[in-house]
Amino acid sequence: MLGKYSALKQSYARLLTGGRDPFAVVFDEILSPTEARLGSSDVLLLGTNNYLGLTQDPSCIEAATEALQLDGTGTTGSRIANGTYGVHAALEEQISRFLGRRESMLFTTGYQANVGILSALAGRDDNLLLDADSHASIYDGARLGGAKVTRFRHNDPDDLYRRLRLLAERTDPASPGENLIVVEGIYSMLGDVAPLREMAAVKRETGAYLLVDEAHSLGVLGQHGRGLAEEAGAEADADFIVGTFSKSMGGIGGFCASDVPDFELLRLASRAYMFSASLPPAVVAALSRALTLVQERGDLRTRLHRNASQLYDGLTGAGFLLGPTVSPIVAIRLADPETAVTFWNRLLEAGVYVNLALPPATPQSLSLLRTSVSAVHTTTQIARAVDAIATIGAELGVIQAEPVLQRIAS
Ligand code: PMP
C-alpha cells in the first residue's frame, strides 16, 4: 500500500543523515512557554505559535480545571448531537462580541474550520480565489467542496483583480456562482502580511466575498487584537473571519465568524462541524479565559512586537536573509535543504529549538529555519538565540563571519 511513498521515504532517509529527526522531536517536559527539557538538556523554544505565552497562564489553567471537574473530559458527540454544552454556546457569543459579528461557529481545530467552512461555502458553481501561499487547510477545504480554484500570485492584488476579470468574461450566465477570495492575516512560513486594504478594494470592485484566515494574526495584530482586518481598517469588507485557538490563545480549536445572512445554516451544511466531536469543555473554558486576556492584556501585544523587532533586527544585523516583514514569525532563508537540516541540528545542540520548514511545504520551495517569538521571551533569551544562530551561521558559511564577530564583540 505504501509503495507510492518511495520518493518520500528516500528524502526522509536523507534528512535523517543530518542527525536528529526534525519531524519527531519529543519534549520530555515543558518548563515554561519558552523552555522545554529534551533528554538531559534544556532548550529555548524559538519555534512555537505561543505568541502571547498563554499556554501556562494560571487563570486559563484554573478555568480548565474547574470545567474538567464539572463537565468531565469530553463531550463524546458533535455539536449537532449531544456535543453542545453551555460553554460552547457562550464561547461562540464571546467571539461574536469580540469581533463585532452576528454569528460564530466553533470547530475542533483551525484546520477543520477552514475545511468545514470553505467546503460548505464554495460549491461546484463557485470560484475560490486563493493566494498561492495559502495554508494546506485552505487548499483541502477547496478540494472537498469542489469549487473551481484560481490561485493568484502571493499578496498581489493586481493579479487577483486580473483573474477575477478573466473569470467574469468566461462566466456561464446559466450558472454564474459566486467568487470568494481567501487570504491570510500573517502567512505562517515567511511571516509576511496580506495587503488587505488593497485586496478589499478588489473585492468591492468585483462584487466578490472575502474570507480572512487570521490564524497567526488574531491576538497579534490590531489595537484590540482582532487581527489584520482590524489593523488594516478592513473589518467591514471581511465577510468571513476564520481563526484558530492553537496559537495566540494557547489552546486548540477554530472558528468562523460572519454577518452574512443565514450563516447559521452552515451548522447543517458543514461536514467538519457536523461529523466530528466538539471541543472538550475544559479546553473551551480555558479558551474563554484566553480570549478575555487577549482583550485585556494589550501589554502582551506590545511586548510581542518588541521581541519580534529584537529578533528580526538581530538576525538582519548578523547578515541573514529573512522574510520581508517584521512580525512574530521570523524566517531565515537558506540555500538548500541540506544546509537547513545541518543548521537546525546544530542549533538544537546549542540549546535552541526552531522549526525546520522544507519544500514542498514552503513558498517558492524555500528552505527555512522558521523562528518565532512570544511576548514572554526575555530580551536575554532572544539575544542568546541571535548569538547562537549567528555563530552557527558563520561556522556553516551561511553568512559572512565578520559582521557576526563585530556584533558579538560589541
Ligand atoms: N490556517 C493557517 C494559516 C495556519 O497556519 C494553520 C496552522 N498552522 C491553520 C489554519 C490550522 O490551525 P490548527 O493548527 O489550529 O488546526
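Whatever comes next refers back to the structure up there.
Residues numbered from 1 in each chain as written. Predicted model: local features only at pLDDT ≥ 70, side-chain atom pairs only at ≥ 80, totals over all residues. Heavy atoms only, no water.

Caption draft 1: Structural detail: the overall build of the protein. In terms of helices and strands, the protein carries 14 helices and 14 strands. The C-alpha radius of gyration of the protein comes to 22 Å, within 12% of the 22 Å expected for a compact globule of 410 residues. With the C-alpha coordinates of the protein rotated into their principal frame, the extents come out at 65 × 55 × 50 Å. Taking all 410 residues of the protein together, the buried fraction comes to 52%. (Helix = DSSP H or I, 4+ residues; strand = E, 2+ residues; numbered from the N terminus. Rg over C-alpha atoms; globule rule 2.2 N^0.38 Å. Buried < 20%, exposed > 50% of the residue type's maximum accessible area, 1.4 Å probe, protein only.)

Caption draft 2: The site of the ligand, seen in detail. Around the ligand there are 14 residues in total, and Tyr111, Asp213, His216, Thr244 and Ser246 lie nearest to it. One of the side-chain N or O atoms of aspartate 213 is found 2.7 Å from a nitrogen atom in the ligand. A distance of 2.5 Å separates an oxygen atom of the ligand from a polar side-chain atom of threonine 244. Relative to its unbound accessible area of 390 Å², the ligand is 83% covered by the protein chains. When residues in the shell around the ligand are grouped by element, the largest group, three residues, is from helix H4 (residues 110–121). Residues belonging to the shell around the ligand are distributed by class as follows: two nonpolar, nine polar and three charged. (Near = heavy atom within 4 Å. Polar contact = N/O pair within 3.5 Å; in protein donor to acceptor, adjacent residues only side chain to side chain. Areas by Shrake-Rupley, 256 points an atom, 1.4 Å probe, with all protein chains shown as cover. Nonpolar A, V, L, I, M, F, W, Y, C, P; charged D, E, K, R; others polar.)

Caption draft 3: The sheet that holds strand S10 (residues 254–258), seen in detail. Taking strand neighbours across the sheet as the criterion, the seven strands line up as S4-S10-S9-S8-S7-S5-S6 in an open arrangement whose pairing is mixed. In this open sheet, the two edge strands, each paired with only one partner strand, are strand S4 (103–107) and strand S6 (148–152). The average angle at which neighbouring strand axes cross in this sheet is 20°, direction not considered. Pairing of strand S5 (residues 127–131) with S6, which is carried by five bridges, proceeds in the parallel orientation. Note that in S6 the partner of leucine 129 across the bridge is threonine 150. Lying over the sheet, helix H7 (residues 196–206) contacts S6, strand S7 (179–184) and strand S8 (209–213), oriented at roughly 155° with respect to S8. (Pairing = 2+ DSSP bridges. Axes fitted to C-alpha atoms, helices over the stretch in contact; angles between N-to-C directions. Contact = heavy atoms within 4.5 Å.)

Caption draft 4: Looking closely at unusual backbone geometry. The residue after proline 359, namely proline 360, is reached through a cis peptide bond having omega 5°. Even without being glycine, asparagine 155 reaches a positive phi, approximately 55°. Mapping asparagine 155 onto the fold places it in the loop between S6 and helix H6 (157–170). Within the chain, aspartate 262 stands out as a residue other than glycine whose phi angle is a positive 65°.

Caption draft 5: Molecular detail of the pairing of strand S9 (residues 240–244). Across the five residues that make up S9, a large majority, five, are buried. By the alternation rule, side chains of S9 split into Phe240, Val242 and Thr244 and Ile241 and Gly243, which are all buried. In this sheet, S9 lies alongside S8 in parallel orientation, the contact comprising three bridges. Of the residues in S9, the one forming a bridge with valine 212 is isoleucine 241. Across five bridges, S9 lies against S10 in antiparallel orientation. Bridged to isoleucine 241 within S10 is alanine 257.

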